[in-house]
Amino acid sequence: MLATTAVAPQTFELAEQVGLNLQQKQQTVCTAESCTGGGIGYAITEVAGSSAWFNGGIITYTNALKQKLLAVETQVLEEHGAVSEACVEQMASGALSLCGADWSIAVSGVAGPGGGTADKPVGLVWMAIANNKSCWIWHEHFSGNRAEIRLKTMDSVLNKLINTIELQ
């Protein structure tokens with residue numbers, strides 16, 4: 001399907017495939033985004049009819065909002081930071097609870113160009129996909145500028161969601 005969209009073509013195609021997979025299973029998804037700033041939700045809503053399978057998204061750019069809206073524990077943020085396995089796991093769980101979806105996507109990373117450290121360099125992104133039974137968590141270290149890192153994050157997590165839904 002060709003469409004006029006403000007999203008990169010490969011990202012739009014991934015979002016379309018997510019929608020097809022969810023519709024086949026009569027399921028929904030939601031997002032909890034930090035470093036992508038709502039880009040995943042935007043890509044999903046570029047797909048006509050996405051309201052049938054996208055419940056919504058939460059952009060929690062600050063730690064305070066991660067705690068308040070997604071129930072990320074203070075201890076997790078103090079011990080591991082926002083760019084961590086523990087944080088995205090709690091973000092994914094919090095989004096599921098808040099949005100009442102079957103699936104959630106959570107991302108938190110260092111998009112750059114600044115903000116990186118030796119332990120958490122620019123390009124490090126933690127991602128999670130959760131349902132009510134399991135949570136799949138992984139990280140990538142993407143290269144490129146800020147826009148490229150954010151786009152690669154979106155594509156990675158949408159692709160992983162497609163594969164995960166197909167296996168369930």
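Look up a bit, the structure's there.
Please read all numbers here as calculations on a predicted model, not as lab measurements.

1. A few points about the side chain of Ser108
Stage number 1. Here Ser108 is to be found in strand 3 (residues 103–109).
Stage number 2. In this structure the side chain of Ser108 is engaged in a polar contact, spanning 2.8 Å, whose partner is the backbone oxygen of Ala82.
Stage number 3. Those residues in contact with Ser108 that sit more than four places away from it in its chain are Ser34, Cys35, Lys66, Ala82, Val83, Val88, Met91, Val125 and Trp126.

2. Side note on the packing of aromatic side chains
Stage number 1. Summed over the entire model, instances satisfying the criterion amount to 1 aromatic pair.
Stage number 2. Sitting over the ring of Trp138, Lys160 keeps its end group 5.3 Å from the ring centre.

3. Some words on the state of the cysteines
Stage number 1. Counted by the stated rule, this structure contains 0 disulfides.
Stage number 2. Sulfur of Cys87: no disulfide; nearest cysteine sulfur belongs to Cys35 and is 11 Å away.
Stage number 3. Exposure remark for Cys87: the relative accessible area of 0% places this residue in the buried category.
Stage number 4. Just so you know, Cys135 is unpaired, no disulfide at all, and the nearest cysteine sulfur is the one on Cys87, 12 Å from it.
Stage number 5. Exposure remark for Cys135: the relative accessible area of 29% places this residue in the partly exposed category.

4. Examining the packing of helix 3 (residues 63–70) against helix 5 (residues 85–99)
Stage number 1. Two numbers describe how helix 3 lies on helix 5: the axes approach to 9 Å, and their chain directions differ by 40 degrees. Comparing their axes, helix 5 and helix 3 come out oblique. Where helix 3 crosses over helix 5, the handedness of that crossing is left-handed. Contacts from Lys66, Leu69 and Leu70 in helix 3 reach Cys87, Gln90, Met91, Gly94, Ala95 and Leu98 in helix 5.
Stage number 2. Counted by class, the contact of helix 3 with helix 5 contains 6 nonpolar, 2 polar and 1 charged residues.

Cut-offs and rules
- Residues numbered from 1 in each chain as written.
- Predicted model: local features only at pLDDT ≥ 70, side-chain atom pairs only at ≥ 80, totals over all residues.
- Heavy atoms only, no water.
- Helix = DSSP H or I, 4+ residues; strand = E, 2+ residues; numbered from the N terminus.
- Polar contact = N/O pair within 3.5 Å; in protein donor to acceptor, adjacent residues only side chain to side chain.
- Contact = heavy atoms within 4.5 Å.
- Phe/Tyr/Trp six-rings, centres within 6.5 Å; stacked < 30°, edge-to-face > 60°.
- Lys NZ or Arg CZ within 6 Å of the ring centre and 35° of its normal.
- Disulfide = S-S within 2.5 Å.
- Buried < 20%, exposed > 50% of the residue type's maximum accessible area, 1.4 Å probe, protein only.
- Axes fitted to C-alpha atoms, helices over the stretch in contact; angles between N-to-C directions.
- Parallel < 35°, antiparallel > 145°, perpendicular 65-115°, else oblique.
- Left-handed = near helix turned anticlockwise from the far one by under 90°.
- Nonpolar A, V, L, I, M, F, W, Y, C, P; charged D, E, K, R; others polar.

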